[in-house]
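Structure assessment
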Amino acid sequence: MSGTWVIIAGMALVTSLPRVIPILLLTGRKMPKIVTRWLALIAPAILSALLLPELLVDRSGISPSLSFYNLYLFAALLTSIVGWKTRSLFCAVMTGIAAVALVRFF
Amino acid sequence: MQKGARKTAASVEKGVRQAFPIVLGYAPIGTAYGLLAQQAGLGLWATLGMSIFVFAGASQFMAVSMIQSGVETAVIIGSTFMVNFRHVLMSASVAPCLGSWKTWQRLLLGGMLTDETFVLHSLNMGRNDLNPISAVTLNVTAYVTWATAGAVGYNLGAMIADPKAWGLDFALPAMFVGLLLSACGNKAGIIAAVAGGAVSVGLHLLNAGSWGAFLGALAGATAGVFFMKESKD
């Protein structure tokens, strides 16, 4: 059991350093405009970089392959339509979860 | 009530309100984590402890399955580092706006940064509306939800034998879809998202694992900056 706590302590260290160090080093520094603009674009870029492989890459085979016909992609399209129309993150998330649950049920 | 106190209360309320969609996303995912940890034989305190001290969804899922299959400690910690290294970019991205913040506020903002809370902070930043009380409240609300959900999942045990049947495995991707819609506020944002996603998908096809998303994000933001520069000339 103590082994698990060593793992947790190590994980705590390596997850907190990347979160905290840039803030401590960069706050209050004057940065060129192009750098702050670049940093502002990190949000859409990283979200999409995390999301799209979930929707488009099929890992069930020996090597990963592109997949355009899958439940996640269908549910994501539905989620984005609802999100776009309602402007509500809550409605969007609930639609996505319900769509996946319903398809699996039937 | 004094004016200052009323203002603080309003900021706290705003933070909780903004955290609401994240709470809805974290509740099922955190529950699924607790369930898996229990099935992996982690014990209640270790399950809760990991949520409290690590607070990183993907890494926790990964660590639980690695612990279950008896992977070496150093490998688990190393993998966690790689999966979570992307937070360097998020932390750097919010840093320019924290000039007037106190150190403890900055530590609380950074220490509890997640993909989801970061996007909301980033949106507030774009509106010049990132205030320390609301931001820290948002973080704490998400954090408490995550830890509580883990404990609930642990105790639910066999009650939800299959979270997938409830579509709960899609809670996180669905939240990303919703957040991405709001993060693509302008043309440069859309370019950054398209380029970042394309590069990441390409790298995932080449088995780049968690580095795919990190490098994709670098490429996407760079593409967005270049686009903005050219469109202005």
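See the structure printed just above.
All of the points below concern the structure found in this document. Keep in mind that what you see is a predicted model, and the values were worked out from it rather than measured.

On to the overall build of chain B. Within chain B one finds 11 helices and 0 strands. Taken over the C-alpha trace, chain B has a radius of gyration of 19 Å; the compact-globule value for 233 residues is 17 Å, and the two agree within 12%. On the principal axes, the C-alpha backbone points of chain B span a range of 60 × 60 × 35 Å. Intrachain contacts of chain B at a sequence separation of at least 6 include 75% that bridge at least 24 residues.

Here the focus is the layout of surface pockets. In this approach a probe as big as a water molecule rolls over the atoms, and the regions it shows empty are the leftover space. Taken as a whole, the largest pocket spans an internal volume of roughly 1,400 Å³. Lining the largest pocket are 46 residues, with E54 of chain A together with A58, F61, L172 and P173 of chain B positioned closest to its centre. When residues of the lining of the largest pocket are assigned to their parent elements, the largest contribution, 6 residues, is made by helix 3 (residues 42–56) of chain A. By volume, the second largest pocket is sized at about 750 Å³. Mapped onto the lining of the second largest pocket, the elements with two or more residues apiece are helix 2 (33–40) and helix 3 of chain A together with helix 7 (115–126) and helix 9 (171–183) of chain B. It is helix 7 of chain B that provides the largest number of residues to the lining of the second largest pocket, a total of 5 residues.

Let's shift gears to the packing of helix 1 (residues 3–39) of chain B against helix 3 (residues 57–68) of chain B. Residue and element names in this part refer to chain B. For the pair helix 1 and helix 3, interaxial distance at closest approach is 10 Å and the crossing angle is 10°. On the basis of the axis angle, helix 1 is roughly parallel to helix 3. Counting all contacts with helix 1, which are made through I29, A32, Y33, L36, A37 and Q39, the residues of helix 3 involved are Q60, F61, V64 and Q68. Per-class residue counts for the contact of helix 1 with helix 3 are 7 nonpolar, 3 polar and no charged.

Our next topic: the pattern of salt bridges. Residues and elements named next belong to chain B. Evaluated as defined, the whole model comprises 3 salt bridges over all chains. One salt bridge connects K14 with D129, and the closest N-O pair in it is separated by 2.9 Å. In this pair, K14 is assigned in helix 1 and D129 in the loop between helix 7 and helix 8 (132–156), connecting sequence segments 115 residues apart.

Counting from both sides, the interface comprises 61 residues of chain A and, opposite them, 89 residues of chain B. Roughly 6,600 Å² is buried in total at the junction of chain A and chain B, and carbon and sulfur atoms are behind 81% of that figure. Ranking the residues of chain A by area buried against chain B places M11, R19 and L47 of chain A at the top, with a combined share of 12%. At the surface where chain A touches chain B, the tally comes to 11 residue pairs in polar contact (both at pLDDT 80 or more). Elements that contribute at least two residues to the side of chain A that touches chain B include exactly helix 1 (2–26), helix 2, helix 3, strand 2 (65–66), helix 4 (71–86) and helix 5 (89–105) of chain A. Looking at which element gives the most residues to the side of chain A that touches chain B, the answer is helix 1 of chain A, with 17 residues. The class makeup of the residues in the side of chain A that touches chain B is 46 nonpolar, 11 polar and 4 charged.

With 84 residues, the main nonpolar core has L42, M50 and F118 of chain B as its most contacted residues. The element contributing the most residues to this core is helix 3 of chain A, with 10 residues.

The next point concerns the packing of aromatic side chains. According to the stated counting rule, one finds 12 aromatic pairs over all chains in the structure shown. Where Y33 of chain B meets W146 of chain B, the ring centres are 6.1 Å apart and the plane angle is 25°; that geometry is what we call stacked. Separated by 113 residues along the polypeptide, Y33 of chain B in helix 1 and W146 of chain B in helix 8 bring together distant segments of the chain. Under the relative-accessibility criterion, W146 of chain B is labelled buried at 3%. Taken together, the ring pairs connect Y26, Y33, F55, F61, Y143 and W146 of chain B into an aromatic cluster. Over the aromatic face of W84 of chain A sits the side chain of R87 of chain A, whose NZ or CZ is 4.8 Å from the ring centroid.

Cut-off values and rules
Residues numbered from 1 in each chain as written. Chains lettered and ligands numbered in written order. Predicted model: local features only at pLDDT ≥ 70, side-chain atom pairs only at ≥ 80, totals over all residues. Heavy atoms only, no water. Helix = DSSP H or I, 4+ residues; strand = E, 2+ residues; numbered from the N terminus. Rg over C-alpha atoms; globule rule 2.2 N^0.38 Å. Contact = heavy atoms within 4.5 Å. 1 Å grid on protein atoms, 1.4 Å probe; cavity = no way out; pocket = protein on both sides within 12 Å on 5 of 7 lines; lining within 4 Å. Points joined across faces, edges and corners; volume = space filled by probe spheres on them. Axes fitted to C-alpha atoms, helices over the stretch in contact; angles between N-to-C directions. Parallel < 35°, antiparallel > 145°, perpendicular 65-115°, else oblique. Nonpolar A, V, L, I, M, F, W, Y, C, P; charged D, E, K, R; others polar. Salt bridge = Lys/Arg side-chain N within 4 Å of Asp/Glu carboxyl O. Buried area = accessible area lost by both parts, 1.4 Å probe. Polar contact = N/O pair within 3.5 Å; in protein donor to acceptor, adjacent residues only side chain to side chain. Core = buried A, V, L, I, M, F, W, Y, C linked by side-chain atoms within 4.5 Å. Buried < 20%, exposed > 50% of the residue type's maximum accessible area, 1.4 Å probe, protein only. Phe/Tyr/Trp six-rings, centres within 6.5 Å; stacked < 30°, edge-to-face > 60°. Lys NZ or Arg CZ within 6 Å of the ring centre and 35° of its normal.

Function cannot be inferred from these measures alone, as they are strictly geometric.
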